[in-house]
Every structure is written in C-alpha cells, then in structure tokens.
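Coordinates in review
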Amino acid sequence: MIIANIIAYIILIIGGLNWGLVGIFNFNLVSSIFGAYPAVGSIIVYILVALSAIWLIISPIITSGRIYLTSENHHNNH
C-alpha cells in the first residue's frame, strides 16, 4: 500500500503540473509527449491520473483515515 500511495502522489503531481501548464501557458505536456487526445498514450496517462486520485480518496478510508508513505509510519500507528 505504501508503494501505491507514493506512485499515486507522483502521478497526481505530474497531472497537476500538466494542468497548471495548460491553464497558464495553454501548453499540454502530455499531448506534446504522447500525442494529442485521443492518442493511446495520452488516454493512458489521463486514466492513470484519474486512478491515482481515486486511490488517494479510497486509501485513507481503508486505513482508518491515514495515508502511509513510509513503513515506519505504518508500524508506529498500529
């Protein structure tokens, strides 16, 4: 679960930065790298961003309100 949380955070940071670039500079980095929507690469990236957001919504529910990012944190709270 810790690895899933870290990966989800990284993907959401990338997604957030991409939307910031779209909003500020009208530049879509994902489309520039993987091709404009509906290119398969772009669709995969957008789906991963959505799944990461869903995971970080569900993860605290599964773990009684906590999001674990390190194994030390996980062991100290149980």
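This section reports on the structure supplied with the text. In every chain, residue numbers begin from 1 and rise along the written sequence. Thresholds applied to this predicted model are a pLDDT of at least 70 for local features of residues and 80 or more for the giving and counting of side-chain atom pairs; totals over whole chains, interfaces and linings are not thresholded and use all residues. Hydrogens and waters are ignored; side-chain quantities use all the structure's heavy atoms.

**Quick look at a nonpolar patch on the surface**
- Patch definition: residues with relative accessible area over 30% and no salt bridge; like charges joined within 9 Å; nonpolar side chains (Val, Leu, Ile, Met, Phe, Trp, Tyr) joined within 5 Å. Only the protein chains shown count as cover for residues, with accessible areas throughout obtained via the Shrake-Rupley method and a probe of 1.4 Å. The working definition used for a salt bridge is a side-chain nitrogen of Lys or Arg within 4 Å of a carboxyl oxygen of Asp or Glu. A surface patch of nonpolar side chains, about 1100 Å² in accessible area, is lined by Met1, Val40, Ile44, Ile47, Leu48, Leu51, Ile54, Ile57, Ile58, Ile61 and Ile62.
- Each residue is assigned to one of three classes by its accessible area relative to the maximum for its type, calculated with a 1.4 Å probe on protein chains only: buried under 20%, partly exposed between the two thresholds, exposed over 50%. For valine 40, a relative accessible area of 62% translates into the label exposed.

**Considerations on unusual backbone geometry**
- Put simply, tyrosine 37 and proline 38 share a cis peptide bond, and its omega is 15°.
- Despite not being glycine, serine 64 shows a phi value in the positive range, around 60°.
- The topology assignment puts serine 64 in the loop between α3 (40-62) and α4 (71-76).
- Relative accessible area serves as the criterion here: at 61%, serine 64 is assigned to the exposed category. A run of H or I in DSSP becomes a helix once it reaches four residues, and a run of E becomes a strand once it reaches two; helices and strands are each numbered from the N terminus.

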